[in-house]
Amino acid sequence: MTPLEHTLAKALTEIVIWLDHSNHDDITPEATIKLLEPVVILLEGLSDQDRQALADLINQFAQEETDPDRQLTAWEAPETLALLARD
């Protein structure tokens, strides 16, 4: 992956982590879904190979995470973003 792709994947992972760990008074689970829905739709347009590459990169970030709660959320991010599920 290019530095740009790497940075964007890391940023996406950080957004998922932030949304998962935000105070629900600040952002509700319903709002989180509305925020991520357009991203999931865009990611569905990627090839299976690109979707897997992004999931692998997110998993790499999860391995590097030192906070257990953030690490768990990062591990779940590919599923949250529907990268692994295909109809």
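All figures in this text were calculated on a predicted structure; none of them were measured in a lab.

Definitions and cut-offs
- Residues numbered from 1 in each chain as written.
- Predicted model: local features only at pLDDT ≥ 70, side-chain atom pairs only at ≥ 80, totals over all residues.
- Heavy atoms only, no water.
- Core = buried A, V, L, I, M, F, W, Y, C linked by side-chain atoms within 4.5 Å.
- Buried < 20%, exposed > 50% of the residue type's maximum accessible area, 1.4 Å probe, protein only.
- Helix = DSSP H or I, 4+ residues; strand = E, 2+ residues; numbered from the N terminus.
- Contact = heavy atoms within 4.5 Å.
- Axes fitted to C-alpha atoms, helices over the stretch in contact; angles between N-to-C directions.
- Parallel < 35°, antiparallel > 145°, perpendicular 65-115°, else oblique.
- Left-handed = near helix turned anticlockwise from the far one by under 90°.
- Nonpolar A, V, L, I, M, F, W, Y, C, P; charged D, E, K, R; others polar.
- Salt bridge = Lys/Arg side-chain N within 4 Å of Asp/Glu carboxyl O.

Draft legend 1. Seen up close, the nonpolar core. With 15 residues, the main nonpolar core has Leu43, Leu54, Ile58, Leu81 and Leu83 as its most contacted residues. Elements supplying a minimum of two residues to this core: helix H1 (3–21), helix H2 (29–44) and helix H3 (48–64). With five residues, H3 is the single largest residue contributor to this core. Those residues in contact with leucine 81 that sit more than four places away from it in its chain are Leu12, Val16, Leu36, Val39, Val40, Leu43 and Ile58.

Draft legend 2. The packing of H1 against H2, seen in detail. Two elements in contact, H1 and H2, have axes whose closest approach is 11 Å; the angle formed by their N-to-C orientations is 155 degrees. It follows that H1 is roughly antiparallel to H2 by the angle criterion. Here H1 and H2 pass one another in a crossing that is left-handed. Contact residues: Leu12, Val16 and Leu19 in H1; Thr32, Leu35, Leu36, Val39 and Leu43 in H2. The class makeup of the residues in the contact of H1 with H2 is seven nonpolar, one polar and no charged.

Draft legend 3. Quick look at the pattern of salt bridges. Counting across every chain of the model gives three salt bridges. The partner of glutamate 14 in a salt bridge is lysine 10, with the nearest N and O atoms 3.4 Å apart. Of this pair, glutamate 14 and lysine 10 both sit in helix H1, four residues apart, roughly one helical turn. Judged by its relative accessible area of 28%, lysine 10 is partly exposed. Among the salt bridges present, the one from glutamate 14 reaches arginine 70, with a minimum N-O distance of 2.8 Å. Separated by 56 residues along the polypeptide, glutamate 14 in helix H1 and arginine 70 in helix H4 (residues 68–80) bring together distant segments of the chain. Its relative accessible area of 28% is what places glutamate 14 among the partly exposed residues.

Draft legend 4. Highlighting the packing of H1 against H4. Relative to each other, H1 and H4 sit at 115 degrees, their axes nearing to 9 Å. With respect to H4, the element H1 is oriented roughly perpendicular. Between H1 and H4 lies a crossing of right-handed hand. Each of Thr13, Glu14, Val16, Ile17, Asp20 and His21 in H1 lies in contact with H4, whose residues at this interface are Asp69, Arg70, Thr73, Ala74, Ala77 and Thr80. Its residues placed into classes, the contact of H1 with H4 shows four nonpolar, four polar and four charged.

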